[in-house]
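# Close look at the chain arrangement
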Amino acid sequence: MSRPEIDLLDSLSTELSQQLKDHVDQALLEFIRPNYTSQFSQHAPELAKFREAIAQSDSKDDIDFLRSFREFVPTTNYEPYRPFIAKFLATPCKEADVENMFAPGLPYFFAMSSMTTGTTAKIFPKYRPPPHLLQHPLFLALPPSEGTTLSPSSLKYQQVLEIECEDGQSSKKVTVCSLSVGYLRMAMNWDVEGDNDRLDLWLPGQTDPYAMSLINSYRGYFVLNALFALADRGVTTVRFFFANVFVNFLQYVEDEWPLLVDCIEKGVIPDIEDLDHLRAPLQKHLTPNPLRAAELREIGPPGIQGWAVRVWPDLNKFIGITGGPAAASVPKINHVLGPSVSIEALAYGGSECGIAMTYYKGNPNTDFKVMFVDGMSEFLDVRSCEPSEHVLSAWELVAGGHYEPVVTTRNGLWRYRIGDVVAVKGFDPDDGLPIINYLHRRDGSLGLAFGTTCTESQLTNAIVFAANRWIGQIMDFTIVGDERDTPITYGYLIEIVGEIGNDARMAPQQTFEDLMAANHEYRTAFWQGRSRKPTIRLVEKGTFSEYRRQKSDKNVSIGQVKVPVVLSDPRYKEWLLKKVIMEL
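Residues numbered from 1 in each chain as written. Predicted model: local features only at pLDDT ≥ 70, side-chain atom pairs only at ≥ 80, totals over all residues. Heavy atoms only, no water.

### Here's the deal with the sheet that holds strand β8 (residues 317-321)
- Ordered in space as β4-β7-β8-β9, the 4 strands form an open sheet in which the pairing is parallel. Each edge of the open sheet carries a strand with a single partner, namely β4 (148-150) and β9 (342-344). The mean angle between the axes of side-by-side strands here comes to 20 degrees, regardless of whether they run parallel or antiparallel.
- Sheet analysis places β4 next to strand β7 (residues 235-242), joined by 3 bridges and oriented parallel. From the neighbouring strand, Thr148 faces β7, where its bridge partner is Val235. (Pairing = 2+ DSSP bridges. Helix = DSSP H or I, 4+ residues; strand = E, 2+ residues; numbered from the N terminus. Axes fitted to C-alpha atoms, helices over the stretch in contact; angles between N-to-C directions.)

### Here's the deal with the sheet that holds strand β19 (residues 489-497)
- Pairing within the open sheet is mixed, and its 4 strands lie in the order β18-β19-β20-β21. At either end of the open sheet lies a strand with only one pairing partner, and these are β18 (473-482) and β21 (580-583). With strand direction ignored, the average angle separating the axes of adjacent strands in the sheet is 30 degrees.
- Across 9 bridges, the pairing between β18 and β19 is antiparallel. What sits directly across from Thr478, in β19, is Leu493.
- Sheet strands in contact with helix α16 (residues 456-471) are β18, β19 and β20 (535-539), and its direction is about 45 degrees off that of β19. (Contact = heavy atoms within 4.5 Å.)

### Some details on helix α4 (residues 62-72)
- Listed as buried for α4 are Phe65, Leu66, Ser68 and Phe69. Buried residues of α4, viewed axially, fall in a sector of 160 degrees; they line one side. Away from its buried face by more than 90 degrees, α4 exposes Ile63 and Glu71.
- At the N-terminal end of α4, a side-chain oxygen is found 3.0 Å from the backbone nitrogen of Ile63, two or three residues along, and the residue is Asp61. (Buried < 20%, exposed > 50% of the residue type's maximum accessible area, 1.4 Å probe, protein only. Arc of directions from axis to C-beta. Polar contact = N/O pair within 3.5 Å; in protein donor to acceptor, adjacent residues only side chain to side chain.)

### A word on the environment of Glu344
- Within the secondary structure layout, Glu344 lies in strand β9.
- Once the C-alpha coordinates of Glu344 and Asn363 are considered, the two residues, 19 residues apart in sequence, prove to be 8.2 Å apart.

### Details of helix α10 (residues 257-266)
- Those residues of α10 that sit buried are Trp257, Leu260, Val261, Cys263 and Ile264. Around the axis of α10, the buried residues are gathered within 160 degrees of arc, so they sit on the same side. Turned more than 90 degrees away from the buried face of α10 sit Pro258 and Lys266, all of them exposed.
- Tucked into the core, α10 has its buried residues touching α8 (218-231), α9 (243-255), α12 (290-299) and α13 (307-311).
- Of the residues one or two after α10, Gly267 is the one with positive phi, at around 70 degrees.

### Structural notes on the pattern of salt bridges
- In the structure shown here, the tally under the stated rule is 37 salt bridges.
- Between Glu30 and Arg410 there is a salt bridge, with its nearest N and O atoms 3.2 Å apart. Here the residue Glu30 occupies a position in helix α1 (residues 14-35), and Arg410 occupies one in the loop between β14 (402-409) and β15 (416-417), the gap between them amounting to 380 residues.
- The class of Arg410 is buried, set by a relative accessible area of 14%. (Salt bridge = Lys/Arg side-chain N within 4 Å of Asp/Glu carboxyl O.)

### Digging into the environment of Ile355
- Locating Ile355 in the fold gives a position in strand β11 (residues 354-358).
- Among the residues examined, Ile355 registers a relative accessible area of 1% and is labelled buried.
- Between the alpha carbons of Ile355 and Lys369 there is a distance of 8.4 Å; along the sequence they are 14 residues apart.
- Setting aside its immediate chain neighbours within four residues, Ile355 contacts Tyr348, Gly349, Lys369, Val370, Met371, Ser377, Pro405, Val407 and Ile418.

### Brief notes about the nonpolar core
- The biggest cluster of nonpolar side chains holds 74 residues, and the ones touching the most others in it are Leu230, Phe249, Trp307, Trp312 and Phe318.
- Tallying contributions element by element places α8 first for this core, with 10 residues.
- If we ignore the near neighbours within four places in the chain, the residues touching Leu230 are Val253, Trp257, Leu260, Ile264, Arg292, Leu296, Trp307, Val311 and Trp312.
- Within the second largest apolar cluster, 65 residues are counted, among which are Phe69, Phe88, Met112 and Tyr127. (Core = buried A, V, L, I, M, F, W, Y, C linked by side-chain atoms within 4.5 Å.)

### Some details on the side chain of Asp476
- With respect to the helices and strands, the residue Asp476 is situated in strand β18.
- At 2.9 Å, the side chain of Asp476 forms a polar contact with the side chain of Asn244.
- A distance of 2.7 Å separates polar atoms of two side chains, one belonging to Asp476 and the other to Arg548.
- With near-sequence residues (within four places) excluded, Asp476 lies in contact with Asn244, Leu493, Ile494, Glu495, Phe544, Arg548 and Val563.

### Here we look at the packing of aromatic side chains
- Counted under the stated rule, the structure contains 39 aromatic pairs.
- Look at Phe109 and Tyr183: their rings are 5.9 Å apart centre to centre, the planes differ by 85 degrees, and that puts the pair in the edge-to-face class. Here Phe109 is found in strand β2 (residues 109-112), whereas its partner Tyr183 is found in helix α7 (residues 179-188), with 74 residues between them in sequence. The exposure classification of Phe109 matches that of Tyr183, with both residues buried.
- For the ring pair Phe512 and Tyr522, a centre distance of 6.3 Å and an interplane angle of 65 degrees mean the geometry is edge-to-face. Here Phe512, found in helix α17 (residues 507-518), pairs with Tyr522, found in helix α18 (residues 520-527); they are 10 residues apart in sequence, far enough to count as distant. (Phe/Tyr/Trp six-rings, centres within 6.5 Å; stacked < 30°, edge-to-face > 60°.)

Listed below in structure tokens is the structure:
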């Protein structure tokens, strides 16, 4: 099922470099021209020098405008935007006070960050893009598929902000929710007030009826999505935001297998907590299917290689994020899917901005092509000794270099630092756009917490390799500071699927050797006595599922809770340590 990879360019020709520069300039002007008149742009202290430069030049001259941007706009983080976003949270919130705050008009919704590393979500305004862009893959919440798609969706939201219109008689409702929920609502024009009017809806090509997206119960969400997916033999695409959430889904399928098959046979919705008014519309969509139930009983629950294509014979594609902490679940997913199903990543980006799309001419699992649709990306060289304000444009990148993306967006962010590190694999020979691979977060807390600076990707690669060789299949993992001895070290907390390997106690040494080989600072710190070997402890079955449930209760979309590679929240650390059942 793999496609032949195209040969990327190691460097840009003069012609391609100029072509890319023209592309960047055009995209940048498309974003900053209209947003320059926003309240943020006109009043943020961080843009004072930029405003002064524009005032002293010909503001209608594009070359001058771009030169002033590149010279006088600094890189930013969330703090400059916080007081402007707070105006939307005021009560009452007047239209005149928030109109044109970051971009022309009013936001359609606010996208929440996933709260992976913090306890409080950041929220980012999202304005409706021009109509011609609504069909761009970046904004498609329900991508087209040849058959049926298993893509559990949730319309869960944190809150609804009310903006009082100038007429004094009406108001605009703005939802605070995850990015995917916001895009889905925007694409379908589904306002919150009409949620209960659409309970009988079932979109063609989806395994889950509309009412499923309103389920609040974590277990109910997975069990009922599994029920309708298993009942549908025609699934061709499986799509989960994070690949390891699919493993979580499979665990529910395995645990509830007899119940699920019986319900398909009889055509009944199982007794699930907190369904309330959603039970009746879901029941309307489920009819008895004894033939399908008999087929599923013969196949059995997940376990055998290629189980998914036996359950869904036409399945050919899995889409989901397989990098970062999700990398540990890839062997399990490969086993369940079998060799005939291709694995593709979702687009690369975050709540702040969509940065790149899957590059199908390369490895669709790891390669992304930078796009200037939701924003324009510039870059900081993470290996450079240059000051952090030395921002590079796309045509200045070097193949093999490691960079932090900095985005200027359609929605009013100015040179916003994403905090990720990506590697440039090369350049597309057609248009010169960079092809990138995600590496890890650029987070100094790793060094502060543990005395060394092993990256997320190094920490992940070490445990994945050790698990494949010694432990068994990992479902999920995270790392906490292990302070039971001195000096502090990386303490892996892992949950496995199935039986533990006979020689699992070899895993800590394997992990230690891999970290020593991968990171010079860790190696130096160990020989100087500032670090020690990592530890690995197993937690009981269902621990990370419960972690996700608790996080989703904080209004994070059920399918998008991310388990961090390094856990800094002391409350969750204490809770996880109580779940330990064995140390290797």
